[in-house]
Amino acid sequence: TAAAAHDAAVPALVLPRVREVVAAGGPPLPLVPRAGADDAPLAPNIVLGMLVRVQTGKGEYDKRLIAESKKARKTKEGASPKQRAAASNEAVQWTLHVDTLTPSGVAMVSLVRKMGIYPSGALTVVEQAAKWCDDIKRVEWEKIEEQECLPRLEGRVGPDTVMLTSPQAIVRTLLDQYSEGLLEPGLSVRASQRAKFVDVCAQVWTKLIRQASWHLFAMVWDHGGMGPFEDLVRALQWTDRQLVPVALEARLEDRLTVLDILAGSVVAFLVQTDSHIVQEALKNLRGLENCAARAASDPSIAATMAS
């Protein structure tokens with residue numbers, strides 16, 4: 001939006017006050033209290049933040065914004081996962097059902113370990129044997145009966161029982177309740193990059209993890225044989241060309257994001273299967289190979305692989 005449009009849309013009393021705060025060296029954003037504890041971190045009013053950015057020097061404003069973001073993140077990281085969950089307006093005790101011999105199970109358990117909610121007790125994880133892909137290629141989270149879908153997130157809110165079988169919905173729910181944005185792009189990442197990040201986070205399940213599940217099923221069914229491999233190679237190529245660049249752009253201070261964890265853990269899992277197809281493909285996909293190696297070296301993902 002042009003600066004002129006901002007000036008026309010915002011009441012005349014707001015701009016002078018915003019300029020006073022910025023000139024006085026105050027917080028870079030007008031801050032509003034978070035719901036919950038009195039000492040909880042303050043969240044920025046993003047709309048007014050955009051206005052301030054237009055009205056003031058972009059470089060100086062961004063420096064102060066990043067400094068405030070770092071301070072807020074340190075405060076959040078100091079709280080335990082249970083404390084972060086308790087601060088939620090509607091805390092739910094969730095149970096995550098997974099099969100850690102499947103790519104989707106490895107991805108989910110790696111994520112909740114990284115968030116610190118498992119095995120700390122903030123989240124209950126239950127192992128359940130998955131019914132693998134069938135002849136019409138239904139993966140483990142697309143079974144007809146909900147109780148057979150894996151991963152599956154179940155919780156109780158008052159008298160209501162919630163059951164989620166969509167992997168995207170499970171990830172979003174866990175991030176909203178427990179992560180405080182620590183595994184997602186910060187405000188210092190451009191809006192266009194954040195939008196790409198959200199899009200690729202949704203596509204990773206259909207573009208990569210689905211193909212990984214099919215490939216692993218074929219390997220088991222054929223007793224170690226190759227089975228169909230073209231779909232998996234295309235999935236790995238998409239991950240290298242589309243996902244890895246977005247993940248790199250979204251990282252803040254070299255911190256792993258949810259995208260790094262989901263994709264990296266699955267590729268690292270495929271590498272451990274000694275699949276000749278995967279090994280050959282990665283020789284020509286150096287970005288993806290580095291992503292998998294970085295993921296495998298992360299303590300949370302390494303612990304999932306070891307278990």
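Bear in mind the structure is a predicted one, so any value in this text is a computation, not a measurement.

**Details of the overall build of the protein**
Then step 1. Helices and strands together make up the secondary structure of the protein, namely 13 helices and 6 strands.
Then step 2. By residue count, 43% of the 307 residues in the protein fall in the buried class.
Then step 3. For the protein, the proportion of contacts with a sequence separation of at least 24, taken over those separated by at least 6, is 70%.

**Focus on the confidence of the model for the protein**
Then step 1. Here the protein averages 78 in pLDDT, and 66% of its residues register 70 or above.
Then step 2. Across residues 1–11, where pLDDT falls below 50, the model places 7 contacts with residues more than four positions away in sequence or in other chains.
Then step 3. Of the regions scoring below 50 in pLDDT, residues 29–47 engages in 28 contacts with residues more than four places distant in sequence or in other chains.

**Quick look at the environment of L270**
Then step 1. Its location among the elements puts L270 in helix α10 (residues 258–272).
Then step 2. Considering only alpha carbons, one finds L270 and H215, 55 residues apart in sequence, at a separation of 9.2 Å.
Then step 3. Leave out the neighbours within four places in its chain, and L270 touches A212, L232, S275 and V278.

**Focus on the sheet that holds strand β3 (residues 95–98)**
Then step 1. Here 4 strands make up an open sheet; going across it, the order is β4-β3-β5-β6 and the pairing mixed. Among the strands making up the open sheet, the edge pair consists of β4 (124–127) and β6 (160–164). Pairwise comparison of adjacent strand axes, ignoring direction, gives a mean angle of 20 degrees for this sheet.
Then step 2. Two elements, β3 and β4, share 4 bridges in a ladder whose sense is parallel. Residue pairing across strands places L96 opposite V125, the latter belonging to β4.
Then step 3. Of the strands in this sheet, β3 and β4 touch helix α6 (residues 103–115), which is tilted by about 150 degrees from β3.
Then step 4. Each of β3, β5 (152–157) and β6 touches helix α7 (residues 167–179); the most contacted strand, β5, lies at about 50 degrees to it.

**Brief notes about helix α9 (residues 230–250)**
Then step 1. Counted at 1.5 Å a residue, the expected span for α9 with its 21 residues is 30 Å, and the 29 Å between its end C-alpha atoms agrees.
Then step 2. The axis of α9 is deflected most strongly, by about 35 degrees, at L243, and proline P245 appears within four residues downstream.
Then step 3. Looking at α9, one finds that the buried residues are L232, A235, L236, W238, T239, D240, L243, V244, V246, A247 and A250.
Then step 4. On its buried face, α9 is in contact with α8 (191–221), α10, α11 (276–282) and α12 (286–297).

**Some remarks on the side chain of D298**
Then step 1. Its location among the elements puts D298 in the loop between α12 and α13 (299–306).
Then step 2. Judged by relative accessible area, D298 falls into the buried class, the value being 9%.
Then step 3. One polar contact links the side chain of D298 to the main-chain amide nitrogen of S300, over a distance of 3.0 Å.

**Comments concerning the pattern of salt bridges**
Then step 1. A complete count under the given rule lists 10 salt bridges for this structure.
Then step 2. Note that R251 and D260 form a salt bridge whose closest N and O atoms lie 2.7 Å from each other. Across the pair, exposure class does not vary: R251 and D260 are buried alike.
Then step 3. Through salt bridges with shared partners, a single network forms among R172, D176 and E184.

**Brief notes about the pairing of β6**
Then step 1. Examined bridge by bridge, β5 and β6 share 5 bridges and lie antiparallel to one another. Looking at the pairing, G155 lines up with V162 of β6.
Then step 2. Connecting β5 to the antiparallel partner β6 that follows it, the hairpin turn spans 2 residues, and G158 within it adopts a positive phi of roughly 60 degrees.

**A closer look at the packing of aromatic side chains**
For any pair of aromatic rings, the description rests on two quantities: the centre-to-centre distance and the angle between the ring planes.
Then step 1. In the structure shown here, the tally under the stated rule is 1 aromatic pair.
Then step 2. Judged by centre distance (5.5 Å) and plane angle (85 degrees), the rings of W141 and W205 are edge-to-face. Of this pair, W141 sits in the loop between β4 and β5 while W205 sits in helix α8; the two residues are 64 residues apart in sequence, bridging distant segments of the chain.
Then step 3. Given a relative accessible area of 1%, W205 falls into the buried group.

**Here we look at the pairing of β3**
Then step 1. The β-α-β motif built from β3, the intervening α6 and the parallel element β4 has right-handed crossover chirality.
Then step 2. Pairing geometry for β3 and β5, over 3 bridges, is antiparallel. Looking at the pairing, T95 lines up with E154 of β5.

**A short note on the packing of α8 against α9**
Then step 1. In the contact formed by α8 and α9, the axes pass within 9 Å of each other and the chain directions differ by 155 degrees. Taken together, the axis directions place α8 and α9 in an arrangement best described as roughly antiparallel. When you trace α8 past α9, the crossing you get is left-handed. Two secondary-structure elements touch here, α8 through Q193, K196, F197, V200, Q203, V204, K207, L208, Q211, A212, W214 and H215 and α9 through D231, L232, A235, L236, W238, T239, L243, V246, E249 and A250.

Procedures and definitions
- Residues numbered from 1 in each chain as written.
- Predicted model: local features only at pLDDT ≥ 70, side-chain atom pairs only at ≥ 80, totals over all residues.
- Heavy atoms only, no water.
- Helix = DSSP H or I, 4+ residues; strand = E, 2+ residues; numbered from the N terminus.
- Buried < 20%, exposed > 50% of the residue type's maximum accessible area, 1.4 Å probe, protein only.
- Contact = heavy atoms within 4.5 Å.
- pLDDT = per-residue confidence, 0-100.
- Pairing = 2+ DSSP bridges.
- Axes fitted to C-alpha atoms, helices over the stretch in contact; angles between N-to-C directions.
- Expected span 1.5 Å × (residues − 1).
- Bend = angle between axes of the 7 residues up to and from the residue.
- Polar contact = N/O pair within 3.5 Å; in protein donor to acceptor, adjacent residues only side chain to side chain.
- Salt bridge = Lys/Arg side-chain N within 4 Å of Asp/Glu carboxyl O.
- Phe/Tyr/Trp six-rings, centres within 6.5 Å; stacked < 30°, edge-to-face > 60°.
- Right-handed = clockwise from strand over helix to strand, strands pointing away.
- Parallel < 35°, antiparallel > 145°, perpendicular 65-115°, else oblique.
- Left-handed = near helix turned anticlockwise from the far one by under 90°.

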